[in-house]
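Inside the fold
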Amino acid sequence: MKNISIHSLIGLTVLCMSSCTDDYTDWATPQANEQEAAITLPDFSASKVDDINLSNPGSSIKLFTLSNATLPEGYTLGNVRVELSTEKGKAGELESNTDGMIDSLTIQKLVVETYGKRPIARPFIAQVYANAIKDGQALLVNAGSFDVNFTPAAPFIDTGYYLVGDMFTIKNDKDETSVNGWSADGMVGFSHSGTDVYEDSKFPSYSPQPLIINAGKLFRRPIPRENSGELVYWEP
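In this numbering scheme, every chain counts its residues from 1 along its sequence in written order. Side-chain atom pairs in this predicted model are given and counted only at pLDDT of 80 or more, local residue features only at pLDDT of at least 70, and totals for whole chains, interfaces and linings cover all residues. The basis for the side-chain values is all heavy atoms of the structure; hydrogens and waters are excluded.

What about the overall build of the protein chain?
Helices and strands together make up the secondary structure of the protein chain, namely 3 helices and 16 strands. Categorising residues by exposure relies on relative accessible area from a 1.4 Å probe, with only protein chains included: less than 20% of the type maximum marks a residue as buried, more than 50% marks it as exposed, and the intermediate range marks it as partly exposed. When each of the 236 residues of the protein chain is scored for burial, the buried share is 36%. Within the protein chain, residue pairs in contact and separated by at least 24 positions form 60% of the contacts whose partners lie at least 6 positions apart. Carbon together with sulfur atoms contributes 49% to the accessible area of the protein chain, which is approximately 14,000 Å² in total. Strands here mean DSSP runs of E at least two residues long; helices mean DSSP runs of H or I at least four residues long; both are numbered from the N terminus. Contacts are residue-level and defined by heavy atoms, with any inter-residue pair within 4.5 Å sufficient. Surface exposure here means Shrake-Rupley accessible area, sampled with a 1.4 Å probe, where a residue is shielded only by the protein chains that are shown.

Okay, structure coming up:
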């Protein structure tokens, strides 16, 4: 570790703002957030681990890794956080640590609030900051940014559901079946508002569990739209 004081660190930052050198190119343009100016440290950066699927991540997940930082003597890194933004602006800030771990429930909430509940990959820009801390004093350090996609956790919800069963079978005057109530031709669809089903998942009379009702000789069963195209005949 280089034995340099924090005053020297700040002095070098100011010096490099007025004259570029080969040794301190990374210090030449300090970054800034809303609270205070941030500096960069040579060869210190955050790197994405992978895109995140929040379906079953556990209580915390590893979002990034931090390279080793060359700090002034007596200083340690702490108060690591991640600012997430989209093309529309800042979406939120997440607490982290030097291991790059973040709370999965907090991310889930932020992704849903920003994009909605549909479980598809949602793009964000992750900006990582940390503090160099000594004796209660802190200097803001910019660890860089990277692109990352989060897929929110959500159950599968189809765009439509149908009822099939004996009650929808139609017979002619010869008591011959003209429409089979257990076929795609005879099925009857549930109504829906027409909005994204992940924002409005209510289908009137639909039960999320497989349902068979025996009413005398009448049987019925709800099926999702993805199965309806392959439906030829359902035995009660």
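There is more to say, and it comes next.
Observations concerning the pattern of salt bridges
By definition, a salt bridge exists where a carboxyl oxygen of Asp or Glu is found within 4 Å of a side-chain nitrogen of Lys or Arg. Tallying each qualifying case throughout the model produces 6 salt bridges. Close ionic contact of lysine 48 with aspartate 51 constitutes a salt bridge, the shortest N to O distance being 3.2 Å. For aspartate 51, a relative accessible area of 34% gives the class partly exposed. One salt bridge in this structure joins arginine 118 and aspartate 196, with 2.9 Å as the shortest N-O distance. Linking arginine 118 in the loop between helix 2 (104-115) and strand 10 (122-134) with aspartate 196 in the loop between strand 15 (188-189) and strand 16 (220-224), this pair joins segments that are 78 residues apart in sequence. For arginine 118, a relative accessible area of 28% puts it in the partly exposed group.

Remarks on the pairing of strand 8 (residues 89-95)
DSSP bridges decide pairing: two strands pair if at least two such bridges lie between them. In this sheet, strand 8 lies alongside strand 7 (residues 76-86) in antiparallel orientation, the contact comprising 6 bridges. Bridge assignment links arginine 81 to a residue of strand 8, and that residue is glutamate 95.

Comments concerning the pairing of strand 7
The buried fraction of strand 7 is high, at 8 of 11 residues. Summarising the sheet, strand 7 and strand 10 pair through 8 bridges and their orientation is antiparallel. Counterpart to glutamate 83 in the pairing with strand 10 is glutamine 127. Between strand 7 and strand 8, which pair antiparallel in sequence order, lie 2 residues.

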